[in-house]
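What the coordinates show
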Amino acid sequence: MWWRRQGLRFRLTVAAAAVLALALALSASVLLSVLDRALMDTVDESTRRQADAVRVAADAGTLTSPITTHDGTIVQVIDAQGRITHVTYGADRLVPLLDAQARASALREGEARLLDGRPYAIPGFLRVIVLSADHGQTVVAARPITEIQTSLATAGRVLLVGTPALLVLLAVASWLMIGRTLHPIAALRKGAADITHTARSRRLPVPQSRDEVHSLATTLNGMLARLEEAEQRQRALVSDAAHELRSPLASIRLQLEVALGHPDGQDWQETAEGVLEDAMRLSRLAEDLLALARLDERGGVPARREPVDLDEVVRQTVDRYAEARLTVCDPVVVRGDALDLSRVLTNLMDNAVRHTASKVEVALTADGVLTVTDDGPGIPEQDRERVFNRFTRLDSGRSRDEGGAGLGLAIVRETVRAHGGTVALEDAAPGLRAVVRLPVSR
């Protein structure tokens, strides 16, 4: 729990320092071990060459007394009776460096041995090589390794002092580098804290470096832009909805006030019909707003994804309109919500029937293309995309109709997009053609 309460910068620095300390400790250990092995191998090789040279001379009977070596190697030549016959200058002539049993063991193993030289008046340790010569003679060669041990000890002390210093230096560098790396994140946090619910067009600071933090800031700014757009759309929807609700409510209030103010001369049947008409307009508006709210809540995803016989939906919907004629209706199966798809066609049919001069033609082809064509006044080309916006009504008589709030085509586009399709308006010369393309389920 203590570790989790610490800051990210502290945890990253400590973790990096711990890993680095372990790596440096292992590296120092391996370095000293390899250095020790390499130096010992060098000493053993040099001592073995000296011992081999003495053995060759012993076999040839050309040994000098004392034996001369150029690198300070101590050599003893021992005969078959265990007596020392030849030595280097300053070596013991009475006591062999290794007794008979130790010499026999060294000959069998063929490896160098470590020997404490202090009992032989030699300071420090020795590396001893034993070789067998002719006539039962044995050559014992030894070389002091005091200098090697001193060098290793010095290297160990240097590593013991230098490794912590290097660790501290790298920890400080890690602390500074991590701090600079996290600085853009701190700027993002501060920028996010400065954004309030009343702020407009606020964005998070984007660092200049093209790294993960830059991508994060760009993504978050994109999210803020989408949230701001959604908020603006919501505010516009609320404002437009309030404006649309005000008109029928004012009409209902006015009719009732007039009727109550002049009850004797009032035609209550006519008043009831007027109030009912405005109430129906309010009901349709509420249903449209609820449909849009559900589409927004689902985030552009249909309520259900199940196989739908689109041709059956088209037939059932067209049968409810006397002005409509079904020209082509191929069998088509799509995946989605049957009620939502029925509402799409209903909205298109209501719009077409409201403005047609004589007839409405509906066609559904096998590739999932649904068309609703009327022969009314049509819509100018520059306005055909704009009419899909919410609460959009043109000044022409085509959409300034009885009770229309400008939500029908918006619901159509949102629903079709949720089902993975597209919708567009085309010129039918005369009239208007609505074209809906839906992906067919195979």
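What counts and what doesn't
- Residues numbered from 1 in each chain as written.
- Predicted model: local features only at pLDDT ≥ 70, side-chain atom pairs only at ≥ 80, totals over all residues.
- Heavy atoms only, no water.
- Pairing = 2+ DSSP bridges.
- Helix = DSSP H or I, 4+ residues; strand = E, 2+ residues; numbered from the N terminus.
- Axes fitted to C-alpha atoms, helices over the stretch in contact; angles between N-to-C directions.
- Contact = heavy atoms within 4.5 Å.
- Patch = residues over 30% accessible without salt bridge, like charges linked within 9 Å, V, L, I, M, F, W, Y side chains within 5 Å.
- Areas by Shrake-Rupley, 256 points an atom, 1.4 Å probe, with all protein chains shown as cover.
- Salt bridge = Lys/Arg side-chain N within 4 Å of Asp/Glu carboxyl O.
- Buried < 20%, exposed > 50% of the residue type's maximum accessible area, 1.4 Å probe, protein only.
- Expected span 1.5 Å × (residues − 1).
- UniProt positions renumbered as here; feature names shortened; annotations may be inferred.
- Phe/Tyr/Trp six-rings, centres within 6.5 Å; stacked < 30°, edge-to-face > 60°.
- Lys NZ or Arg CZ within 6 Å of the ring centre and 35° of its normal.
- Left-handed = near helix turned anticlockwise from the far one by under 90°.
- Nonpolar A, V, L, I, M, F, W, Y, C, P; charged D, E, K, R; others polar.
- Domains from an automatic or database assignment.

Taken in spatial order, the five strands make up an open sheet running β2-β1-β5-β4-β3, and their pairing is antiparallel. Each end of this open sheet is capped by a strand with a single partner; those strands are β2 (84-87) and β3 (113-116). Here the strands of the sheet are splayed against their neighbours by 30° on average, with no regard to which way each runs. Sheet strands touched by helix α3 (residues 100-109): β1 (74-78), β3, β4 (125-132) and β5 (138-144). Its angle to β4, the strand with the most contacts, is close to 75°.

On the surface, V168, V172, W175 and L176 cluster together to form a nonpolar patch covering roughly 370 Å² of accessible area. Along the chain, V172 turns up in helix α4 (residues 146-194). Residue class for V172 comes out partly exposed when judged on its relative accessible area of 44%.

Attention now moves to α4. Helical geometry note: an α-helix holds 3.6 residues per turn, so side chains three or four residues apart project in the same direction. Over its 49 residues, α4 runs 70 Å from end to end, which matches the ideal 72 Å to within 8%, given 1.5 Å per residue. Of all the residues in α4, the buried ones are I148, L152, I178, G179, L182, P184, L188 and G191. Buried residues in α4 make contact with α2 (8-60) and α5 (212-261).

Look at the UniProt record and you will see "transmembrane region" (unreviewed entry) annotated at residues 158-178. Annotated as 100% helix and 0% strand, the span residues 158-178 places its first and last C-alpha atoms 29 Å apart.

Before going further, it helps to examine the packing of aromatic side chains. By the definition in use, this model includes one aromatic pair. The interplanar angle of 90° and the centroid separation of 6.0 Å between the aromatic rings of W2 and F10 together place this pair among those described as edge-to-face. It is R413 that lies over the ring of F388; its NZ or CZ is 4.1 Å from the centre.

On to the packing of helix α8 (residues 338-355) against helix α9 (residues 408-418), then. Helix-helix packing: each pair is described by the crossing angle between the helix axes and the interaxial distance. In the contact formed by α8 and α9, the axes pass within 9 Å of each other and the chain directions differ by 145°. Between α8 and α9 the crossing geometry is left-handed. For the pair α8 and α9, the contacting residues are D340, R343, V344, N347 and L348 in the first and G408, L409, I411, V412, T415 and V416 in the second. Of the residues contributing to the contact of α8 with α9, the split by class is six nonpolar, three polar and two charged.

For the chain, the domain assignment lists domain 1 (7-149), domain 2 (203-299) and domain 3 (301-437). In this structure, domain 1 and domain 2 have C-alpha centres spaced 97 Å apart.

Moving on, we get to the sheet that holds strand β9 (residues 360-364). Pairing is mixed across the open sheet formed by five strands, whose spatial order is β7-β9-β10-β12-β11. Only two strands of the sheet have a single partner each, and these edge strands are β7 (324-329) and β11 (422-427). Taking the axes of each pair of neighbouring strands and ignoring which way they run, one obtains an average angle of 15° across the sheet. Looking at chain direction, β11 and strand β12 (residues 432-437) are connected through six bridges and run antiparallel. When the sheet's bridge partners are listed, A424 is paired in β12 with V435. Across the sheet, α8 touches β7, β9, β10 (369-374) and β12, and the angle it forms with β10 is around 20°.

Take the environment of A272 next. Inspection of the secondary structure puts A272 in helix α6 (residues 268-298). Sequence-wise, A272 and I252 are 20 residues apart; in three dimensions their C-alpha atoms are separated by 9.6 Å.

Attention now moves to the pattern of salt bridges. Going through the model one piece at a time under the given rule, you end up with 18 salt bridges. Notably, a salt bridge pairs D41 with R37, separated by 2.9 Å at the nearest N-O pair. Here D41 and its partner R37 are both found in helix α2, four residues apart, which amounts to about one turn of the helix. Looking at R37, the relative accessible area reads 43%, which means it is partly exposed.

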